[in-house]
Amino acid sequence: MTLSVAVSGASGYAGGEILRLLAAHPDVEVRTVTAHSSAGQPLVAHQPHLRSLAHLELQATTPEVLAGHDVVFLALPHGQSAQYTDALADTPLVIDAGADHRLTSPDDWAAFYGGEHPEPWAYGVPELSVDGVKQREHLRGATRIAAPGCNASTVALSLAPGVAAGVIDAGDIVSVLAVGPSGAGKAAKTNLLASEILGTANPYAVGGTHRHIPEIRQALAAAGAPADGIRISFTPVLVPMARGILATSTAPIQGDATDAEIRAAWETAYADEPFVELLPAGVFPRTADVLGANIASLGLAIDRAANRVIVVAAVDNLVKGTAGAAVQSMNIALGLAETTALPVNGVAP
Ligand SMILES: NC(=O)c1ccc[n+]([C@@H]2O[C@H](COP(=O)([O-])OP(=O)(O)OC[C@H]3O[C@@H](n4cnc5c(N)ncnc54)[C@H](OP(=O)(O)O)[C@@H]3O)[C@@H](O)[C@H]2O)c1
């Protein structure tokens, strides 16, 4: 049976990447694409690379247009999703790429977003350890899924195995992350002009204000860290590459684990994962090698002099960081093969 799909925010970066992946999915047909200011225009006017979907026209994003599909993807600016979710009560599966349904704590929501706390949905990072099982077990049969924040899932995947195994101390995490401007969406913003970002690296949200911090804390608490004992210093840096994230995350070694035991925590966690790779000792990932791929590529080092574990992670923010996670979660929720339509090869150089 072919599943009918609607994608909102289809003129944007996340919506466009969801469409690129779904266009190669044998079990779905993209019937409807919606946008806001671009409604009424051909999809390819905004996504000229999506040639196989050239027959689609962007419609207005309304509950009526989105209703009646088997699966609806919401790829809207933060705060816009919740207004549609009530109207989609009869839709078997809704997947939100935005932040609206990610946080379980009303206090975190109030502190970092404000306003009414929308209902939390199943978190779309299948590889994370949650209450002793992989999150994919919580995604099977799910009807409402919150795809992750790209920075948050990159850091969470970097550190969760060490937390779950008790070999790192979540009370002193430091993470510095380089990210390209597509992470901020396609809408015109002065700070994202080429003249503002080419040839320079720009830190932002310095000092614990980035909205992905509570999402990282939530994932690490689920992996087994004491919720009131997680401290994260997180600093993102905007760098001039269209897509990609390179996160360097460090935490103190806990206990008297040997180097082999520490490394085994990550090896064991990801041994059977098709979309998370642990590179050999001494090898570290580059963003160039994950572009277009649904892959989180990790390199791990143990710095005994600093008494810290260092994990360097490369992720394509639009694939494993958003659209790939969303499609992977859809596959799991619907009982399809998890890897369907998800590329593991990137595009290089
Ligand atoms: N970019 C990433 O790497 C990334 C990663 C993880 C999660 N996300 C999340 O994905 C969501 C979309 O991000 P994006 O980067 O794709 O943003 P974007 O490129 O700016 O696209 C936003 C889309 O939403 C539409 N839109 C704008 N205002 C709207 C409204 N009031 N009602 C309905 N539709 C509206 C836009 O339509 P028009 O163009 O027609 O106005 C466009 O299609 C965000 O919640 C973001 O946090 C993004």
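A. The arrangement of the environment of Gly255 in detail. Tracing the chain through its elements places Gly255 in the loop between strand 13 (245–252) and helix 10 (259–270). We classify Gly255 as exposed; its relative accessible area is 67%.

B. Here's a closer look at the pairing of strand 2 (residues 28–35). Taking burial as the measure, the eight residues of strand 2 include six buried ones, the bulk of the element. Of the pairings in the sheet, the one linking strand 1 (residues 3–7) to strand 2 comprises five bridges and is parallel in character. Pairing of Val7 across the sheet is with Val33, part of strand 2. In the classification by handedness, the crossover that spans strand 1, the intervening helix 1 (residues 13–22) and the parallel strand 2 is right-handed. Bridge analysis of strand 2 against strand 3 (residues 58–60) gives three bridges, and the strand direction is parallel. Following the sheet pairing, Thr34 is matched in strand 3 by Gln59.

C. Summary view of the site of the ligand. By nearness alone, 30 residues border the ligand, and Ser11, Ser37, Ser38, Leu76 and Thr322 come closest of all. His36 has a polar backbone atom sitting 2.9 Å from an oxygen atom of the ligand. At 2.7 Å, a side-chain N or O of Ser37 approaches an oxygen atom of the ligand. Of all elements in the fold, only helix 1 and helix 11 (319–334) reach the threshold of two or more residues within the shell around the ligand. Classifying every residue of the shell around the ligand gives twelve nonpolar, 16 polar and two charged. Looking at which domains feed residues into the shell around the ligand, each of domain 1 (3–147 + 320–334) and domain 2 (151–317) gives three or more.

D. Local environment of helix 11. If you check helix 11, its first and last C-alpha atoms are just 20 Å apart, much less than what 16 residues at 1.5 Å a residue would give, namely 22 Å. The largest bend along helix 11 reaches roughly 40 degrees and is located at Ala325. For helix 11, a buried count of 15 out of 16 residues is recorded, marking the element as mostly surrounded by other parts of the structure. A positive phi of about 75 degrees marks Gly335, the residue just after helix 11.

E. Spotlight on the side chain of His210. Looking at the secondary structure, you find His210 in the loop between strand 11 (202–203) and helix 9 (213–222). Beyond its immediate sequence surroundings of up to four residues, His210 is in contact with Phe112, Asn151, Tyr204, Ala205, Phe234 and Pro236.

F. Just the sheet that holds strand 6 (residues 122–123), in detail. With parallel pairing, the seven strands of this open sheet are ordered in space as 3-2-1-4-5-9-6. Lying at the two open borders of the sheet, with one neighbouring strand each, are strand 3 and strand 6. The pairing of strand 4 (residues 71–74) with strand 5 (residues 93–96) spans four bridges and is classified as parallel. By the bridge assignment, Leu74 is partnered in strand 5 with Asp96. Running over the sheet, helix 1 touches strand 1, strand 2 and strand 4 and is turned about 160 degrees from strand 1. The sheet contacts of helix 11 involve strand 1, strand 2, strand 4, strand 5 and strand 9 (144–146), and relative to strand 5 the element is tilted by about 155 degrees.

G. Structural context of the pattern of salt bridges. Across all of its chains, the model carries 15 salt bridges by this definition. A salt bridge links Asp289 to Arg286; the shortest N-O distance between them is 2.9 Å. Among the charged side chains, a network of salt bridges with common partners joins Glu17, Arg20, Arg243 and Asp316.

Cut-off values and rules
Residues numbered from 1 in each chain as written. Predicted model: local features only at pLDDT ≥ 70, side-chain atom pairs only at ≥ 80, totals over all residues. Heavy atoms only, no water. Helix = DSSP H or I, 4+ residues; strand = E, 2+ residues; numbered from the N terminus. Buried < 20%, exposed > 50% of the residue type's maximum accessible area, 1.4 Å probe, protein only. Pairing = 2+ DSSP bridges. Right-handed = clockwise from strand over helix to strand, strands pointing away. Near = heavy atom within 4 Å. Polar contact = N/O pair within 3.5 Å; in protein donor to acceptor, adjacent residues only side chain to side chain. Nonpolar A, V, L, I, M, F, W, Y, C, P; charged D, E, K, R; others polar. Domains from an automatic or database assignment. Expected span 1.5 Å × (residues − 1). Bend = angle between axes of the 7 residues up to and from the residue. Contact = heavy atoms within 4.5 Å. Axes fitted to C-alpha atoms, helices over the stretch in contact; angles between N-to-C directions. Salt bridge = Lys/Arg side-chain N within 4 Å of Asp/Glu carboxyl O.

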